[in-house]
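# Summary of structural features
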Amino acid sequence: MSTNEQAGNRPPVALVTGGGRNIGRAIALELGSFGFDVGLLVRSDLAAAEEVAGEVRTLGRRSLAFSGDVRDTSAVATMADRMRSDLGPVTVLVHAAARRKETSFLDMSHDEWREVIDIVVDGAFVCSREVLPDMIAAGWGRIVMIGGLSGQTGAAQRAHVVTAKAALVGLTKALALEFAENNI
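Just so it is clear, the model here is predicted, and its values are computed rather than measured. (Residues numbered from 1 in each chain as written. Predicted model: local features only at pLDDT ≥ 70, side-chain atom pairs only at ≥ 80, totals over all residues. Heavy atoms only, no water.)

A word on the overall build of the protein. Scanning the protein for helices and strands turns up seven helices and five strands. Each helix (α) and strand (β) of the protein, taken in turn from the N terminus, gives the series α-β-α-β-α-β-α-β-α-β-α-α. Its C-alpha atoms give the protein a radius of gyration of 16 Å, near enough to 16 Å, the size a compact globule of 184 residues would have. Over its C-alpha atoms, taken along the principal directions, the protein stretches across nearly 60 × 40 × 30 Å. Within the protein, the proportion of its 184 residues that are buried is 47%. Across the protein, contacts joining residues at least 24 apart in sequence account for 71% of those joining residues at least 6 apart. Taking the average location of the 19 positive side-chain charges in the protein and that of its 22 negative ones, the two points are 2 Å from each other. (Helix = DSSP H or I, 4+ residues; strand = E, 2+ residues; numbered from the N terminus. Rg over C-alpha atoms; globule rule 2.2 N^0.38 Å. Buried < 20%, exposed > 50% of the residue type's maximum accessible area, 1.4 Å probe, protein only. Contact = heavy atoms within 4.5 Å. Lys, Arg positive; Asp, Glu negative; His and termini not counted. Charge placed at Lys NZ, Arg CZ, Asp CG, Glu CD.)

Okay, structure coming up:
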């Protein structure tokens, strides 16, 4: 039992986008092992997210899995409301949702470009805006954007991914400066 729980407070709550596999899965399990209750938001593989939620529960934590698109403000709001109701206010956001396609720049369609940018950048915007009020009210929070080295170094066949990940660096810096006074 954590110090917060012993003091009669709810355990901290984290939202992990893209939490059904890969780094999102690993982060969700690590947060669970550190005493966080965890919400997982995935776009397509709810069964994988449910499996991760089950693993978090075996750690003695509460966990919920949701299927939805990080770009959909209504879906994200509905998910966050359910998390608040069932788990408590979200004080940690880990944005790991991404599309990591490889396509030659000259073969890349505008739709493919937009899809990657929208999931990574717009998804971070939508999710951050939804949970920041919880963090401000708590006087504490953390937003972790999963980028990658390619956002700094570049990568062939991945102009859309590199651009999106570089944009996350800028968004992260802007949010850190804007909300530092709120201990976020």
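Below, the discussion takes up the pairing of strand 1 (residues 13–17). Extensive coverage of strand 1 is indicated by the burial of five of its five residues. Because side chains alternate across strand 1, one face comprises the buried residues V13, L15 and T17, and the other comprises A14 and V16, equally buried. The pairing of strand 1 with strand 2 (residues 37–42) spans five bridges and is classified as parallel. Within strand 2, the position partnered with V13 by the bridge is D37. (Pairing = 2+ DSSP bridges.)

Our next topic: the environment of A155. Along the polypeptide, A155 turns up in the loop between helix 6 (150–153) and helix 7 (159–179). Remark: the alpha-carbon pair of A155 and E102, spanning 53 residues in sequence, is separated by 9.6 Å. If we ignore the near neighbours within four places in the chain, the residues touching A155 are S150 and V162.

This part takes up the nonpolar core. Core analysis: the largest hydrophobic core is formed by 33 residues, its most contacted members being L15, M79 and M83. When contributions to this core are tallied by element, the ones reaching two or more residues are strand 1, strand 3 (63–67), helix 4 (73–86), strand 4 (90–95), helix 5 (110–138), strand 5 (142–145) and helix 7. In terms of residue count, helix 5 provides more of this core than any other element does, 11 residues in total. Setting aside chain neighbours within four positions, we find L15 in contact with G39, L41, M79, M83, V90, V92, L93, V94 and V131. Formed by 19 residues, the second largest nonpolar core is a distinct cluster that contains I27, V52, V92 and I146. (Core = buried A, V, L, I, M, F, W, Y, C linked by side-chain atoms within 4.5 Å.)

Viewed as axis vectors pointing N to C, helix 5 and helix 7 meet at an angle of 20°, and their least axial separation amounts to 9 Å. The angle between helix 5 and helix 7 falls in the class roughly parallel. Crossing handedness for the pair helix 5 and helix 7: right-handed. Residues E112, W113, V116, I117, V120, V121, A124, F125, S128, L132 and I136 of helix 5 touch helix 7, and the partners they reach there are A159, H160, V161, T163, A164, K165, A167, L168, L171, L175 and F179. (Axes fitted to C-alpha atoms, helices over the stretch in contact; angles between N-to-C directions. Parallel < 35°, antiparallel > 145°, perpendicular 65-115°, else oblique. Left-handed = near helix turned anticlockwise from the far one by under 90°.)

The subject of this paragraph is the side chain of E112. You can see E112 is positioned in helix 5. One buried charged residue, E112, forms no salt bridge at all, with the nearest opposite charge on K101 at 4.5 Å. Excluding its chain neighbours within four sequence positions, the residues that come into contact with E112 are K101, T103 and H160. (Salt bridge = Lys/Arg side-chain N within 4 Å of Asp/Glu carboxyl O.)

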